[in-house]
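# Summary of structural features
Each chain is listed here by its residues.
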Amino acid sequence: MPETEYDPTHVEGGRAPAVDVVDLVKTYEYHHKEPGLRGSLSNLFRRRTLERRAVDGISFRIEPGEVVGFLGPNGAGKTTTLKVLCGLLYPTSGSVSVLGRVPSRREPGYLRRIALVMGQKSMLWWDIPAMETLLLHREMYRIPERDFRSTVDELSGMLGVDDLLRVQVRKLSLGERMKMELLAALLHRPDVLFLDEPTIGLDVVSQQRVREFLRDLNRERGTTILLTSHYMADIEQLCPRVLVIDRGRIGYDGSLASLVVKTAPHKLLTAVFTEPVPEADLVAAAGGAALRPCDDPLKVEVSVPREQVADVAARLLRVGRVADVGIEEPPVEEVIRAVFGAAADERTLS
Ligand SMILES: Nc1ncnc2c1ncn2[C@@H]1O[C@H](COP(=O)(O)OP(=O)(O)O)[C@@H](O)[C@H]1O
Ligand SMILES: [Mg+2]
C-alpha cells in the first residue's frame with residue numbers, strides 16, 4: 001500500500017504539528033533459512049519470505065517545541081519508528097509527516113531541518129579529528145562560514161568539548177565522542193531532533209551533561225525532541241510527556257506523572273526512628289500496608305495505598321520518636337516495568 005499523501009489542510013488551527021503519525025504500520029520482510037549447507041541449497045529453490053510487523057498501527061502528534069520520551073522494551077518498535085520519521089525507511093501503510101513534509105521523500109529542504117543521533121552508531125570518522133567531519137558537514141549543508149563558526153563555538157561551549165575538536169575521534173572517551181556526535185548532528189541547526197539511546201554506556205557525569213545540553217537546546221532554540229532511552233533519569237529530567245510502546249502498539253500517551261499515579265496506586269513511606277520500635281507496633285501502625293525489609297534497624301519502609309498515606313504516617317509518628325519521614329512515588333523503573341508487565345521481564349527493559 002502506498003504511503004498516504006499528507007494533507008496540511010487537515011491541521012486544526014492552521015499550525016502544523018512538528019510530527020504527525022497516523023496509523024503507521026511498518027512490516028519487515030525477511031527470508032527464513034534452514035541451518036547448514038542443506039539450508040543454503042533449499043534456499044536457492046524456494047525462499048520462504050516471512051514478515052515481522054515491527055510497528056502495528058500507531059498514531060501520535062508532537063507539537064513544535066515538545067520534548068517527548070519514547071519508552072518500550074527491546075524490540076518494541078522504537079528504532080523502526082524513528083527511522084521512518086527520518087525517512088530512512090518507507091512506511092508499509094499509514095501516513096507520516098514531519099514539519100509538514102513526507103520524510104521518505106528525503107527532500108534536501110527536509111533533511112536540513114531534522115537530525116538523528118543514534119547512541120550505537122557513529123557518524124564521525126574515527127581516524128580524523130571531529131573538526132574535519134564538521135567541516136565536511138559545513139560543505140554538505142552549505143553552511144555559511146560565519147554561521148559555522150558561531151554554531152561550533154556555541155555548541156562546543158555548551159557541551160564542554162572546545163579543546164577536543166582537534167583530537168582524533170578514536171582517542172576520545174565514549175562520553176566525549178557522544179558530545180561530538182551531538183555537535184555534528186546539530187551543526188545545521190535542525191528544528192526536530194530524533195535521539196535513539198543517546199546516553200547509552202556513558203558515565204554518569206557525561207549522561208548528566210548530555211541531558212543538560214538537550215534541555216538547554218530545547219529551551220533556547222525551541223528544538224523539538226523525540227528520544228528513546230533506557231535510563232529513566234533521562235526521561236524524568238527531560239520529558240514532560242511519554243509515549244509507551246510495546247509490540248508495535250502505543251499503550252500510553254501522556255505525562256510521566258499521571259502514568260505513575262495511574263499505574264502505581266501506592267506511595268513509599270519511610271520513617272527513621274531515634275530508637276528501635278517493637279515490630280508489633282510497626283505492623284499495627286502500618287495497618288495492613290506492606291512493610292518492606294530494611295537493613296537499617298531504625299528505619300521502616302511501607303508501601304501504602306495513596307489514600308491511606310496520611311493516616312499511616314500519623315500512626316507511625318505515634319509509635320516512637322521519629323527523626324525523619326519521607327513520602328515518595330515508587331521508582332519510575334518499577335512503574336514502567338509494571339506497565340509492560342511480565343512480557344517485558346523476559347526482554348530487557350530499554
Ligand atoms: N531489518 C530488520 N529485519 C527484520 N526484522 C527487524 C529488522 N529490524 C528490526 N526488526 C524487528 O522489528 C522489531 C522492532 O525492532 P526495533 O524497532 O529495533 O525495536 P526497539 O528499537 O524498540 O528495540 C523487533 O522484533 C526486531 O527484531
Ligand atoms: Mg532500538
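Details of the structure are given in the entry above.
Cut-offs and rules
Residues numbered from 1 in each chain as written. Chains lettered and ligands numbered in written order. Predicted model: local features only at pLDDT ≥ 70, side-chain atom pairs only at ≥ 80, totals over all residues. Heavy atoms only, no water. Helix = DSSP H or I, 4+ residues; strand = E, 2+ residues; numbered from the N terminus. Buried < 20%, exposed > 50% of the residue type's maximum accessible area, 1.4 Å probe, protein only. Contact = heavy atoms within 4.5 Å. Areas by Shrake-Rupley, 256 points an atom, 1.4 Å probe, with all protein chains shown as cover. Lys, Arg positive; Asp, Glu negative; His and termini not counted. Charge placed at Lys NZ, Arg CZ, Asp CG, Glu CD. Axes fitted to C-alpha atoms, helices over the stretch in contact; angles between N-to-C directions. Parallel < 35°, antiparallel > 145°, perpendicular 65-115°, else oblique. Left-handed = near helix turned anticlockwise from the far one by under 90°. Nonpolar A, V, L, I, M, F, W, Y, C, P; charged D, E, K, R; others polar. Phe/Tyr/Trp six-rings, centres within 6.5 Å; stacked < 30°, edge-to-face > 60°. Lys NZ or Arg CZ within 6 Å of the ring centre and 35° of its normal. Core = buried A, V, L, I, M, F, W, Y, C linked by side-chain atoms within 4.5 Å. Pairing = 2+ DSSP bridges. Expected span 1.5 Å × (residues − 1).

On to the overall build of the protein chain, then. When you go through the protein chain residue by residue, the secondary structure sums to 13 helices and 13 strands. Counting only C-alpha atoms, the protein chain reaches 70 × 55 × 55 Å along its principal axes. The 350 residues of the protein chain split such that 46% are buried. Long-range pairs, those at least 24 residues apart, make up 73% of the contacts in the protein chain with a sequence separation of at least 6. Carbon together with sulfur atoms contributes 52% to the accessible area of the protein chain, which is approximately 18000 Å² in total. Distance from the positive charge centre (46 side chains) to the negative charge centre (50 side chains) of the protein chain: 6 Å.

Quick look at the packing of helix H5 (residues 145-159) against helix H6 (residues 174-186) now. Look at H5 against H6: their axes get within 10 Å of each other, and the N-to-C directions meet at 150 degrees. Considered as vectors, H5 and H6 are oriented roughly antiparallel to each other. Crossing of H5 over H6 shows right-handed handedness. The residues of H6 that touch H5, namely those facing Thr-151, Val-152, Leu-155, Ser-156 and Leu-159, are Lys-179, Leu-182, Leu-183 and Leu-186. Partitioning the contact of H5 with H6 into residue classes produces six nonpolar, two polar and one charged.

One can find Thr-133 in helix H4 (residues 130-140). According to the relative accessible area criterion, Thr-133 is buried, its value standing at 1%. Once you skip the residues sitting within four places of it in the chain, Thr-133 turns out to touch Met-123, Leu-124, Trp-125 and Ile-128.

Let's shift gears to the packing of aromatic side chains. For the coordinates displayed, the defined rule picks out one aromatic pair. Ring geometry for Phe-60 versus Phe-70: centroids 6.2 Å apart, planes at 50 degrees, classification tilted. Linking Phe-60 in strand S2 (residues 48-62) with Phe-70 in strand S3 (residues 67-71), this pair joins segments that are 10 residues apart in sequence. On the basis of relative accessible area, Phe-70 is assigned to the buried category, the value being 0%. Sitting over the ring of Tyr-28, Lys-26 keeps its end group 6.0 Å from the ring centre. Between the NZ or CZ atom of Arg-138 and the centre of the ring of Phe-148, over which it lies, the distance is 5.3 Å.

Moving on, we get to the nonpolar core. Counting residues in hydrophobic clusters, the biggest one holds 48 residues, and the most contacted among them are Leu-134, Met-180, Leu-183, Leu-193, Phe-213 and Leu-214. With seven residues, the single largest contributor to this core is H6. Beyond its immediate stretch of four places on either side in the chain, Leu-134 contacts Phe-148, Val-152, Leu-165, Leu-183, Ala-184 and Leu-187. Residues Val-19, Phe-60, Phe-70 and Leu-226 belong to the second largest nonpolar core, which totals 26 residues.

Turning our attention to the sheet that holds S3. Taken together, six strands build an open sheet; the order of strands is S5-S6-S7-S3-S8-S9 and the sheet is mixed. For this open sheet the edge positions go to strand S5 (114-118) and strand S9 (249-255), each flanked by a neighbour on one side alone. Geometrically, the sheet is characterised by an average inter-axis angle of 15 degrees between neighbouring strands, direction not taken into account. Here S3 pairs with strand S8 (residues 241-246) via four bridges, running parallel. Opposite Leu-71, over in S8, you have Val-244 as the bridge partner. Against the sheet, H6 makes contact with S5 and strand S6 (192-196), and its axis sits at roughly 165 degrees relative to S5, the strand it touches most.

This part is about H5. Residue pairs three or four apart in sequence face the same way in an α-helix, which turns once every 3.6 residues. Its 15 residues give H5 an end-to-end C-alpha distance of 21 Å, which sits within 8% of 21 Å, the value for a rise of 1.5 Å per residue. On its buried face, H5 sits against H4, H6 and helix H7 (204-221).

Glancing now at the packing of helix H10 (residues 279-286) against helix H11 (residues 309-319). Relative to each other, H10 and H11 sit at 160 degrees, their axes nearing to 8 Å. Viewed along their axes, H10 and H11 adopt a mutual orientation that is roughly antiparallel. Classified by chirality, the crossing of H11 by H10 is right-handed. Two secondary-structure elements touch here, H10 through Asp-281, Leu-282, Ala-284, Ala-285 and Ala-286 and H11 through Val-312, Arg-315, Leu-316 and Val-319. A breakdown of the residues in the contact of H10 with H11 according to their chemical character gives seven nonpolar, no polar and two charged.

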